[in-house]
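Analysis of the macromolecular model
The lines below spell out each chain.
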Amino acid sequence: MDIKDMARPLDGAGVSAFLRSLPAKPLLLGLGEARHFVGELGELRNEIFRHLVEHEGYRSFAIESDCLRGLVVDDHIMTGAGTLDDVMERGFSHSFGASPANRELVRWMRAYNAEHDEKLRFFGFDGPLEYWAESPRQALTSLHALLDDPLPCTRETLDTLLGPDDRWTNEATVMDPSQSIGRSADAQRLRLIADDLVALLDTQTPRMNATDRERAALYGRTATGLLRYHDGMADPSPARIGRLSALRDAMMAANLRAAAEHGPVLVFAHNLHLQRPRSLMRFGDHVLEWWSAGAIIGAHLGDRYAFLASAFGTIDGDTPPPDTVEDILSTLPWDHSLVDARRLAGTVTKPAPRVSHHFAYFPLDPAQLDTIDGIVFLKEAVALD
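The model shown is predicted, which means the values in this text are computed figures rather than measured ones.

**Some details on the environment of L151**
- Here L151 lies in the loop between α6 (137–146) and α7 (155–162).
- Each C-alpha atom, one on L151 and one on I193, is 9.4 Å from the other, the two residues being 42 residues apart in sequence.

See below:
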């Protein structure tokens, strides 16, 4: 079978044809990154999102960035609050605010909302963390402020238990669990208070407007998730890294499920966070395993979750070796292609795995082709970092 028979140019018509080929219309459509900060992929993502909004009824965009910072971006595109420069600086984590494609996306979403009654929404869906984690102060105090008496503690008690933020954000905890305060008496009491606040939210939901309900639920998820993560950072066992990775992806999945309550969402994140198979990492003599956010979402949504993985031919001058999936896809006649991954998996015979010499780039795993719905393939790409 000719490989062109299972691929098409990556344009609006191709995206709509892909969606029609799926067993159900996705509520969450994941677009993965094989590597962060590839500007051309960000530009293609913007084109895809505009097409989804204008022709397929999508109204939300979610990105692998701090869920609390994302509120700054959402406020801006909904109401015009803040300048674009300020929003890009304060509204993103992981340096994503410096991306020209992200800046253009925010500008376009704001312009769209200024002209339409049915508004677009923006969501960060990562926790306020990566390897180290933020203080739970913002989430806890914001949730506390939205609730009425009888509250489980005063704001002053929260502030005393939280203490200075730098004892939570100590980056030394990444390598040294003994530096973490995640299992201290204060942290353990805060976990109980957070649980009480979330339970109290359930009893007070009827009196809240939709915005307060949504934000209170986000603050509750984030507070409890951060406190679990800090507890995991204090774990001295070899399972620590796997547990932290699992907790992070579980927080991502919970935020995506909340975003999906507003209708179809385009999700932009690393391929590894959106994949369906179990994630594996070798850590010394141990192999750590956990389920990604995509795997968790897939378990809940079934056919309503679809995943487009990205892949690159030549990346930063590095050409794919012969007989790899990326080498095979490089024979397509288009610079940007959309490929039916499951048909490809049934056609290619034992392709060789591509080995990346850059820690930030993750080539396609040939063994996982049949777990991917589609591949967004760029024949050539250059990373911005």
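**Examining unusual backbone geometry**
- Following D149, the chain continues into P150 via a peptide bond in cis, with omega recorded as 5°.
- Position of P150 among the secondary structure elements: in the loop between α6 and α7.
- Its identity as a non-glycine residue notwithstanding, H94 has a phi of 60°, on the positive side.
- Located in the positive-phi region is D316, a residue other than glycine, with phi close to 50°.
- As for its placement among the helices and strands, D316 is situated in the loop between β8 (305–315) and α13 (325–329).
- A residue is classified by how much of its surface remains accessible, and D316, at 41% relative accessible area, is partly exposed.

**Observations concerning the packing of helix α10 (residues 240–260) against helix α12 (residues 293–301)**
- Axis separation between α10 and α12 bottoms out at 8 Å; the angle between their running directions is 45°. In this view, α10 runs oblique relative to α12, as classed from their interaxial angle. Here α10 and α12 pass one another in a crossing that is right-handed. Residues D249, A250, M252, A253, L256 and R257 of α10 pack against A293, I296, I297 and H300 of α12.
- Its residues placed into classes, the contact of α10 with α12 shows seven nonpolar, one polar and two charged.

**Considerations on α7**
- Burial in α7 covers these residues: L158, L161 and L162. Viewed along the axis of α7, the buried residues span an arc of 95°, placing them on a single side of the element. Looking at α7, the residues exposed on the side facing more than 90 degrees away from the buried face are E156 and T160.
- Here the buried face of α7 lies against α6 and α8 (185–204).
- Remark: G163 follows α7 within two positions and exhibits a positive phi of approximately 65°.

**So, the pattern of salt bridges**
- One pass over the structure, following the stated rule, counts 24 salt bridges.
- Note that D2 is salt-bridged to K4, the shortest N-O span being 3.2 Å.
- With relative accessibility at 36%, the residue D2 sits in the partly exposed group.
- Classification of K4 by relative accessible area gives partly exposed; the value is 39%.
- Across the pair D316 and R35 runs a salt bridge whose closest N-O atoms are separated by 2.9 Å. You can see D316 sitting in the loop between β8 and α13 and its partner R35 sitting in the loop between β2 (28–33) and α2 (39–56), a full 281 residues away along the chain.
- In the salt-bridge network here, residues are joined through shared partners; they are R137, R155, D159 and D165.

**Details of the sheet that holds strand β9 (residues 336–340)**
- Reading across the sheet, the eight strands line up as β1-β9-β10-β8-β2-β5-β3-β4 and stay open at both edges, with mixed pairing between neighbours. Lying at the two open borders of the sheet, with one neighbouring strand each, are β1 (7–9) and β4 (121–126). Taken pair by pair, the neighbouring strands of this sheet meet at an average axis angle of 25°, ignoring direction.
- The pairing of β2 with β8 spans four bridges and is classified as parallel. Each bridged residue has a counterpart across the sheet, and for L31 the counterpart in β8 is L308.

**Observations regarding the environment of R240**
- Topologically, R240 is positioned in helix α10.
- When near neighbours in sequence (up to four residues on either side) are disregarded, R240 contacts T173, V174, P177, G232, M233 and D235.
- Within polar-contact distance, the side chain of R240 engages the backbone oxygen of M233 at 2.9 Å.

**Quick word on the packing of aromatic side chains**
- In this structure the tally under the stated criterion is seven aromatic pairs.
- Taken together, a centroid distance of 5.4 Å and an interplanar angle of 50° make the contact between F37 and F96 tilted. Of the two residues, F37 sits in the loop between β2 and α2 while F96 sits in the loop between α4 (84–90) and α5 (100–115), which places them 59 residues apart along the sequence.
- A residue is classified by how much of its surface remains accessible, and F37, at 23% relative accessible area, is partly exposed.
- The exposure class assigned to F96 is buried, which follows from its relative accessible area of 6%.
- The structure contains a cluster of three or more aromatic residues connected by ring pairs, namely F49, F61, F92, W108, Y112 and F122.
- The aromatic ring of F268 is capped on one face by R45, whose charged end is 4.7 Å from the ring centroid.

**Focus: α5**
- If you check α5, its first and last C-alpha atoms are 23 Å apart, about what 16 residues at 1.5 Å a residue would give, namely 22 Å.
- Looking only at α5, the buried set comprises A101, N102, L105, V106, W108, M109, Y112 and N113. Around the axis of α5, the buried residues are gathered within 165° of arc, so they sit on the same side. Facing away from the buried surface of α5 by more than 90 degrees, the exposed residues are P100, A114 and E115.
- Buried residues along α5 sit in contact with α2, β3 (60–66), α3 (70–79), α4 and β4.

Analysis parameters
Residues numbered from 1 in each chain as written. Predicted model: local features only at pLDDT ≥ 70, side-chain atom pairs only at ≥ 80, totals over all residues. Heavy atoms only, no water. Helix = DSSP H or I, 4+ residues; strand = E, 2+ residues; numbered from the N terminus. Buried < 20%, exposed > 50% of the residue type's maximum accessible area, 1.4 Å probe, protein only. Axes fitted to C-alpha atoms, helices over the stretch in contact; angles between N-to-C directions. Parallel < 35°, antiparallel > 145°, perpendicular 65-115°, else oblique. Left-handed = near helix turned anticlockwise from the far one by under 90°. Contact = heavy atoms within 4.5 Å. Nonpolar A, V, L, I, M, F, W, Y, C, P; charged D, E, K, R; others polar. Arc of directions from axis to C-beta. Salt bridge = Lys/Arg side-chain N within 4 Å of Asp/Glu carboxyl O. Pairing = 2+ DSSP bridges. Polar contact = N/O pair within 3.5 Å; in protein donor to acceptor, adjacent residues only side chain to side chain. Phe/Tyr/Trp six-rings, centres within 6.5 Å; stacked < 30°, edge-to-face > 60°. Lys NZ or Arg CZ within 6 Å of the ring centre and 35° of its normal. Expected span 1.5 Å × (residues − 1).

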